[in-house]
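# Per-entry structural report
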Amino acid sequence: KAVVSTQSTGEEKEKIVDEETDKDLDVTLPGWGSWGGIGTNDKPKKQIIKKAKPSAPRKDAKLDHVIINTKKNRKLQSHLVKHLPHPYKSRSVFEREMRQPVGPQWNSIRSFKNMIKPIQSTVDGVVIEPMTAPKGFDKVMIRGKRKAVGS
């Protein structure tokens, strides 16, 4: 059972909000600007407090039962896709495809095998013909490197 009472969620949210908000900082250095010893004037020293900048209101401020984490996880940045991969034309199609699980636990065996089947398949022992250059291109050897030159 994963039952969470609203009171513990509220307390947890208050704790998180308290940790994330900036606090006023006391930058007073003890001993600096004061004299010590007999006959000195013991006036209380004025504290120097650096005020915290007011933060923007939280997105979950009006929702008591919701905690929204807005921190960026830098470890996950390397796993994000920066550009749309080749076969996809729109971002929404790509995201829909990525949301669909591929494993046999979520799909029937037949559809799972269709999803992981390679686009091209060859039989063992068959010679694969090399690709040919398109018409209008001549292959020229320049200093040991092949270079395609347009006609």
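Residues numbered from 1 in each chain as written. Predicted model: local features only at pLDDT ≥ 70, side-chain atom pairs only at ≥ 80, totals over all residues. Heavy atoms only, no water.

## Observations regarding the overall build of the chain
The helix and strand inventory of the chain stands at four helices and four strands. Listing every helix and strand of the chain by position from the N terminus yields α-β-β-α-α-α-β-β. By residue count, 5% of the 151 residues in the chain fall in the buried class. Looking at the chain alone, contacts between residues at least 24 apart form 30% of all its contacts between residues at least 6 apart. Total accessible area computed for the chain in this model is approximately 15,500 Å², and 57% of it derives from carbon and sulfur atoms. (Helix = DSSP H or I, 4+ residues; strand = E, 2+ residues; numbered from the N terminus. Buried < 20%, exposed > 50% of the residue type's maximum accessible area, 1.4 Å probe, protein only. Contact = heavy atoms within 4.5 Å. Areas by Shrake-Rupley, 256 points an atom, 1.4 Å probe, with all protein chains shown as cover.)

## Overview of the pattern of salt bridges
Side chains bearing opposite charge may pair, as long as their charged atoms lie close to each other. Under the definition given, this model contains four salt bridges. As a salt-bridge pair, aspartate 18 and lysine 23 come within 3.3 Å of each other at their nearest N and O atoms. By relative accessible area, aspartate 18 is classed as partly exposed at 45%. With a relative accessible area of 47%, lysine 23 lands in the partly exposed category. For arginine 58, the salt bridge identified is with glutamate 20, shortest N-O distance 2.5 Å. Of this pair, arginine 58 sits in the loop between β2 (49–50) and α2 (74–77) while glutamate 20 sits in helix α1 (residues 6–20), placing them 38 residues apart in sequence. Residue arginine 58 is classed as partly exposed on the basis of its relative accessible area of 22%. Overall, glutamate 20 belongs to the partly exposed group, its relative accessible area being 33%. (Salt bridge = Lys/Arg side-chain N within 4 Å of Asp/Glu carboxyl O.)

## Thoughts on the packing of aromatic side chains
One pass over the structure, following the stated rule, counts one aromatic pair. Centroid distance tyrosine 88 to phenylalanine 94: 5.1 Å. Interplanar angle 65°. Geometry classified as edge-to-face. (Phe/Tyr/Trp six-rings, centres within 6.5 Å; stacked < 30°, edge-to-face > 60°.)

## A word on the side chain of aspartate 60
Locating aspartate 60 in the fold gives a position in the loop between β2 and α2. The class of aspartate 60 is buried, set by a relative accessible area of 0%. Among all residues touching aspartate 60, those that are not within four sequence positions of it are Lys13, Val66, Ile67 and Ile68.

## Observations concerning the environment of alanine 52
Mapped onto the secondary structure, alanine 52 falls in the loop between β2 and α2. The sequence separation of alanine 52 and leucine 25 amounts to 27 residues, and the corresponding C-alpha distance is 7.3 Å. Those residues in contact with alanine 52 that sit more than four places away from it in its chain are Asp22, Lys23 and Asp24.

## Brief notes about the confidence of the model for the chain
Looking at the chain, pLDDT values average 80 and 79% of them are 70 or higher. Segment residues 1–5: pLDDT under 50, and one contact once partners within four positions in sequence are set aside and those in other chains are kept. (pLDDT = per-residue confidence, 0-100.)

## Things to note about the side chain of asparagine 107
Assignment of secondary structure puts asparagine 107 in the loop between α3 (91–99) and α4 (109–116). For asparagine 107, the side chain forms a polar contact with the main-chain oxygen of proline 101, separated by 3.0 Å. A distance of 3.3 Å separates a polar side-chain atom of asparagine 107 from the backbone oxygen of glycine 103. Every residue in contact with asparagine 107, bar those within four places of it in the chain, is listed here: Gln100, Pro101, Val102, Phe112 and Met115. (Polar contact = N/O pair within 3.5 Å; in protein donor to acceptor, adjacent residues only side chain to side chain.)

## Some points on a nonpolar patch on the surface
Taken together, the side chains of Leu25, Val27 and Ile48 present a nonpolar region at the surface, about 260 Å² in accessible area. Within the secondary structure, leucine 25 sits in strand β1 (residues 25–26). (Patch = residues over 30% accessible without salt bridge, like charges linked within 9 Å, V, L, I, M, F, W, Y side chains within 5 Å.)

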